[in-house]
Amino acid sequence: MTAFDVMERRIWGGRADAYARTAARLCVRTVPALLDAAGVGKGTRLLDVGCGSGNVTAAALGRGAAVRAVDAEPGMVEATRRAAPGAEVRSGMLPQLPYADGEFDAVVANFVINHVGRPLEALVEMRRVTRPGGTIAVTIWQLPGAPGQALVGRAAQAAGLTRPDWMATVDEERNFARTPDGLAALLTAAGLGDVQSTTHTWDHRAAPDDWWAGPAAGIGAIGTLLTNAGPEGVAAAKREYDALCREFLSEDGLLTLPHAAVLAQGRA
């Protein structure tokens, strides 16, 4: 594993329940478009890579697909088994999947490629387990992102919080632009054909305290930055957050948070 992969395992270890209560409610918004891009329907042999709390797996089962799912975090494996009892769910981590060559008609990964230290090798492995002519579809967070994506990060910056040294980034030579063109180029480099890549945007609606709850529970890199700062740092960031929320607060008391993801697909 790269230093980035080690960091990711440290960040996500034991956080399956907190993720399901918070960030999973955001990530589910791309699921229908992701499954459409992969052509998932009745009888499709589908692999859900990085299945998380099971939203993609459950939705694919609802379309009549024969679904297998895999995740690196044991808690996520158990969460998907509970959410989608009709799927076969296993532990596994990119870029080494526990499946045979060409085993699936389609492979999907919802906000997973942004969590691996070797993105190109991860896509090559996904292509390996997809039959010739099958489809791979993935999403990532777009960078620069929409204003809603930066809210908690802006609060942390205003509070003077800094990223700890142990929080690694993807090695420069392995990284890619988190844009439609950047993701399309990565899929092409992995040997996929007929590549298409677009921006998927939506407004996420949440109560201010609910939106804060995920990072405060240590979810993701921003949550790790917050919790690493200790109680005083978290409190300082929360004060900044409360002030910044006014930019997004609607009359009904909920935040309206614009988000942007990149959705790309290609043929194996």
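Here, the structure is the one placed above.
Note that this is a predicted model, so its numbers are computed, not measured.

What follows covers the packing of aromatic side chains. Counting across every chain of the model gives five aromatic pairs. Ring centres of Tyr99 and Phe104 lie 5.2 Å apart, and the angle between their planes is 80°; on these two criteria the pair is classed as edge-to-face. For Tyr99, a relative accessible area of 6% puts it in the buried group. Ring plane angle 15° and centroid distance 4.1 Å describe the contact between Phe111 and Trp141, whose orientation is recorded as stacked. Of this pair, Phe111 sits in the loop between strand 4 (104-110) and helix 7 (119-128) while Trp141 is found in strand 5 (residues 130-141), placing the two residues 30 residues apart along the sequence. The rings of Phe111, Trp141 and Trp202 are connected pair by pair, giving a single aromatic cluster. Cation over ring: Arg10 sits above Trp166, and NZ or CZ is 3.5 Å from the ring centre.

Moving on to the pairing of strand 4. Among the seven residues in strand 4, seven count as buried, and that is most of the element. Of the strand pairs in this sheet, strand 1 (residues 45-49) and strand 4 are connected by three bridges, and their pairing is parallel. By the bridge assignment for strand 4, Leu46 is matched with Ala106. Bridge count for strand 4 against strand 5 is six bridges, and the pairing is parallel. Residue pairing across strands places Ala109 opposite Val138, the latter belonging to strand 5. What joins strand 4 to strand 5 is helix 7, and the crossover it makes is right-handed.

A word on the side chain of Glu73. In this fold, Glu73 is placed in the loop between strand 2 (66-71) and helix 6 (74-83). For the buried Glu73, no salt bridge exists, and the shortest N-O distance to an oppositely charged side chain is 5.6 Å, to Arg9. Excluding residues within four positions of it along the chain, Glu73 makes contact with Trp12, Gly13 and Gly14.

Let us now look at the nonpolar core. Core analysis: the biggest nonpolar cluster contains 35 residues, and Tyr19, Trp141, Leu151, Trp211, Leu226, Tyr241 and Leu255 have the highest contact counts within it. Not counting chain neighbours up to four residues away, the residues in contact with Leu151 comprise Trp211, Tyr241, Leu244, Cys245, Phe248, Leu255 and Leu257. Judged by nonpolar contacts, the second largest core, of 27 residues, contains Ala109, Ile113, Leu192 and Ala264.

Before going further, it helps to spend a moment on helix 7. Taken together, the buried positions of helix 7 are Pro119, Ala122, Leu123, Glu125 and Met126. One face of helix 7 carries all of its buried residues, which in axial projection span an arc of 155°. Along its buried surface, helix 7 packs onto strand 1, strand 4, strand 5 and helix 9 (180-189).

Rules of the game
Residues numbered from 1 in each chain as written. Predicted model: local features only at pLDDT ≥ 70, side-chain atom pairs only at ≥ 80, totals over all residues. Heavy atoms only, no water. Phe/Tyr/Trp six-rings, centres within 6.5 Å; stacked < 30°, edge-to-face > 60°. Buried < 20%, exposed > 50% of the residue type's maximum accessible area, 1.4 Å probe, protein only. Helix = DSSP H or I, 4+ residues; strand = E, 2+ residues; numbered from the N terminus. Lys NZ or Arg CZ within 6 Å of the ring centre and 35° of its normal. Pairing = 2+ DSSP bridges. Right-handed = clockwise from strand over helix to strand, strands pointing away. Lys, Arg positive; Asp, Glu negative; His and termini not counted. Salt bridge = Lys/Arg side-chain N within 4 Å of Asp/Glu carboxyl O. Contact = heavy atoms within 4.5 Å. Core = buried A, V, L, I, M, F, W, Y, C linked by side-chain atoms within 4.5 Å. Arc of directions from axis to C-beta.

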